Amino acid sequence: MTEWSNWAGTASAVPARWVRAVCAEDISVAVRRAASAGLTVRALGSGHSFTAVAACDGGVALDLSGYTGIVSADVGTGLVTVRSGTTIRALNVALDGLGLAMANLGDIDAQTIAGALATGTHGTGAGLGGLATQAVAFELVLADGSLVSCSASVRPELFAAARVGLGAVGVVGTVTLQCVPAFSLVADERPMPLEQVLESIDDLAAANDHFEFYWFPYGRQALVKRNNRVAGPAADVPPAMPGWRRWWEFSVLENTAFGAACRAGRAVPAMIAPLNRLSAAVLAVRRYTAPSHAVFVTPRRVRFVESEYAVPRASLLDVLAALRAAVPRLAHPVMFPVEVRVAAADDIWLSTASGRETAYVAVHQYAGLPYQEYFDAFESIAASVGGRPHWGKMHSLDAAALRPLYPRFDDFGRVRADVDPDGRFVNAYLSRVFGC
Ligand SMILES: Cc1cc2nc3c(=O)[nH]c(=O)nc-3n(C[C@H](O)[C@H](O)[C@H](O)COP(=O)(O)OP(=O)(O)OC[C@H]3O[C@@H](n4cnc5c(N)ncnc54)[C@H](O)[C@@H]3O)c2cc1C
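These remarks concern the structure in this document. (Residues numbered from 1 in each chain as written. Predicted model: local features only at pLDDT ≥ 70, side-chain atom pairs only at ≥ 80, totals over all residues. Heavy atoms only, no water.)

**Overview of the side chain of Arg-424**
Then, in step 1: Residue position: Arg-424 is located in the loop between helix 13 (409-419) and helix 14 (428-434).
Then, in step 2: One buried charged side chain, Arg-424, makes no salt bridge at all; its nearest oppositely charged neighbour is Asp-422, positioned 4.3 Å away.
Then, in step 3: Apart from the residues within four sequence positions on either side, Arg-424 is in contact with Val-31, Ala-34, Ala-35, Gly-38, Leu-39, Thr-40, Val-41 and Ala-143. (Helix = DSSP H or I, 4+ residues; strand = E, 2+ residues; numbered from the N terminus. Buried < 20%, exposed > 50% of the residue type's maximum accessible area, 1.4 Å probe, protein only. Lys, Arg positive; Asp, Glu negative; His and termini not counted. Salt bridge = Lys/Arg side-chain N within 4 Å of Asp/Glu carboxyl O. Contact = heavy atoms within 4.5 Å.)

The following block contains the structure:
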């Protein structure tokens, strides 16, 4: 049987069978047949989770890559219903054609919409939530094969669980998104001394629609990204970036050249810290205007592993101070930058920003370099402030550790057990994080 593995190469599985579904009825039939055969079912996204959340060892791997596209769109209200296997890349193109857009996005577009929602995928913006805050209704195939709808007013508890559901409450057939009129962003990216960024972090987060920064652990400079909505047609904005410059900067410098530096560091680890400082030193100013999704999303061709924790905004400086102290003590040096983002509090049961103003701190390591000591050190720093791990990024927490972090954790477990009493949608990762 063909093996399944994820983008980062950190999870693999051998399913008992692969089933391709191209309509909701196919999904229902696949779930019913799996039940008759006593098999579990896992809906597959694009495999961009670093955790084994999508792994389907010994069960049915449900391929939804043929179940794509927009079902309906109301340009007036911005409500768009989309099939679950649609990639964010395809969705952005389709929304563009309708004069609509997602209000906020993460930094790649390879994920499927259902996969991104399932793990609480987010972008940045102190006044904005993650992607799941933009989902207003789902059509789900439950463990008994029935097709049901849910929203804030129809089966509200099922909806509350499905918004960030880890594929545990059912297979998403379609999702209805609250989109916004298409908008452009002015991107301003520039190096700043890390100390200055840390001193003014609250002002930077408050003054910009989408603020984030990258920090190379052995450098003194941070790369600060400020993306702001273009106020109106008359606004004084920088021009679009010429195609050749986009190619040079995003493709050559950020992927080809950085990839070569990573390979050199992997071959000669003593070069990692100097290469890291060099990467920080060559950061340049970049200002341009582009449609929102072209600013949010950048190509990521250099493979890496990642762990990310959502920490209370008020704890961010303490977390970064502890991380800065920990990195030089690691036995194995770190090649990739740390990324810091922000998000508003939301009301979603298993959202990592549930009920609190949040900062996201993500640590990365180049594929093939040792990362466990680094990620463990980061995990214990995050744990000291009640950090919540991204469901799709590497962590070692189990249900006992996660329960105190989420006030509605047991409500999620109750709804999950109600709709899936036999554990049709459970895999080893879900078993660990939910104790089911
Ligand atoms: C290079 C890279 C960049 C990233 N950038 C960001 C970022 O900026 N912000 C961020 O928050 N995360 C980011 N991530 C993480 C990524 O967004 C999430 O892990 C996301 O879940 C991946 O989506 P996917 O389609 O690949 O889903 P998969 O990883 O394939 O699956 C994730 C989960 O979704 C479930 N699922 C998929 N389809 C369905 C369905 N139809 N019904 C029910 N469940 C379903 C799967 O069963 C699984 O549980 C990044 C990952 C990578 C590799």
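Once you've had a look at it, read on.
**Focus: the nonpolar core**
Then, in step 1: In this structure, Phe-138, Leu-140, Leu-166, Phe-213, Trp-391 and Phe-434 are the most contacted members of the largest nonpolar core, which totals 119 residues.
Then, in step 2: For Phe-138, the residues in contact, after removing those within four places along its chain, are Leu-117, Val-148, Ser-149, Cys-150, Phe-159, Ala-162, Arg-163, Val-172, Thr-174 and Val-175.
Then, in step 3: Listed in part, the 16 residues of the second largest apolar core include Ala-34, Tyr-67, Val-171 and Phe-425. (Core = buried A, V, L, I, M, F, W, Y, C linked by side-chain atoms within 4.5 Å.)

**Some details on the side chain of Arg-163**
Then, in step 1: Among the structural elements, Arg-163 can be located in helix 4 (residues 156-163).
Then, in step 2: Overall, the relative accessible area of 12% leaves Arg-163 in the buried class.
Then, in step 3: In this structure the side chain of Arg-163 is engaged in a polar contact, spanning 3.3 Å, whose partner is the side chain of Asp-347.
Then, in step 4: Ignoring sequence-local partners within four residues, the contact set of Arg-163 consists of Leu-117, Ala-132, Thr-133, Ala-135, Phe-138, Asp-347 and Ile-348. (Polar contact = N/O pair within 3.5 Å; in protein donor to acceptor, adjacent residues only side chain to side chain.)

**Regarding helix 8 (residues 272-281)**
Then, in step 1: The complete set of buried residues in helix 8 reads Ile-272, Ala-273, Leu-275, Asn-276, Ser-279 and Ala-280. Each buried residue of helix 8 sits inside an arc of 160 degrees when the element is viewed along its axis, so together they form one side. (Arc of directions from axis to C-beta.)

**Description of the sheet that holds strand 20 (residues 388-389)**
Then, in step 1: Pairing is antiparallel across the open sheet formed by eight strands, whose spatial order is 16-13-15-14-18-19-17-20. Looking at strand neighbours, the two that pair on one side only are strand 16 (286-291) and strand 20, the edges of this open sheet.
Then, in step 2: With two bridges joining them, strand 17 (residues 304-312) and strand 20 adopt antiparallel strand pairing. Opposite Tyr-309, over in strand 20, you have Pro-389 as the bridge partner.
Then, in step 3: Helix-sheet contacts for helix 11 (residues 372-383) involve strand 17, strand 18 (338-343) and strand 19 (358-366), and the interaxial angle to strand 17 is about 10 degrees. (Pairing = 2+ DSSP bridges. Axes fitted to C-alpha atoms, helices over the stretch in contact; angles between N-to-C directions.)

**Overview of the sheet that holds strand 5 (residues 60-63)**
Then, in step 1: The three strands lie next to each other as 3-5-4, forming an open sheet whose pairing is parallel. With partners counted over all chains shown, the strands left at the sheet margins are strand 3 (17-20) and strand 4 (41-44), one partner each. The mean inter-strand angle of the sheet, taken between neighbouring strand axes irrespective of direction, is 25 degrees.
Then, in step 2: Here strand 4 pairs with strand 5 via four bridges, running parallel. Within strand 5, the position partnered with Val-41 by the bridge is Val-60.
Then, in step 3: Along the sheet, helix 1 (residues 24-37) contacts strand 3, strand 4 and strand 5; its crossing angle with strand 3, the most-contacted strand, is approximately 160 degrees.

**Description of the packing of helix 4 against helix 13**
Then, in step 1: Packing of helix 4 against helix 13 leaves a shortest axis separation of 10 Å and a crossing angle of 110 degrees. One way to sum up the angle between helix 4 and helix 13 is to call them roughly perpendicular. Between helix 4, through Glu-157, Leu-158 and Ala-161, and helix 13, the contact on the second element is made entirely by Phe-412, Arg-414, Val-415 and Val-419. (Parallel < 35°, antiparallel > 145°, perpendicular 65-115°, else oblique.)

**Things to note about the state of the cysteines**
The bond known as a disulfide is covalent and runs between the sulfur atoms of two cysteines.
Then, in step 1: Here the structure, examined in full by the defined rule, presents zero disulfides.
Then, in step 2: Considering cysteine sulfurs only, Cys-436 is the nearest to Cys-56, which forms no disulfide, with 16 Å between them.
Then, in step 3: A relative accessible area of 3% places Cys-56 in the buried class.
Then, in step 4: Cys-179 provides the cysteine sulfur closest to Cys-150, a residue in no disulfide bond, and the two sulfurs are 18 Å apart.
Then, in step 5: Owing to a relative accessible area of 2%, Cys-150 belongs among the buried residues under this scheme. (Disulfide = S-S within 2.5 Å.)

**Describing the site of the ligand**
Then, in step 1: Taken together, 36 residues are adjacent to the ligand, and Ala-43, His-48, Ser-49, Thr-119 and Val-172 come closest.
Then, in step 2: Contact between the ligand and His-48: an oxygen atom at 2.7 Å from a main-chain N or O atom of the residue.
Then, in step 3: Starting from 980 Å² of accessible surface for the ligand in isolation, the protein chains cover 98%.
Then, in step 4: For the shell around the ligand, the elements supplying multiple residues, two or more each, are strand 4, helix 3 (113-118) and strand 11 (171-178).
Then, in step 5: Here the element with the most residues in the shell around the ligand is helix 3; it accounts for four residues.
Then, in step 6: Class assignment for the residues of the shell around the ligand results in 15 nonpolar, 17 polar and four charged. (Near = heavy atom within 4 Å. Areas by Shrake-Rupley, 256 points an atom, 1.4 Å probe, with all protein chains shown as cover. Nonpolar A, V, L, I, M, F, W, Y, C, P; charged D, E, K, R; others polar.)

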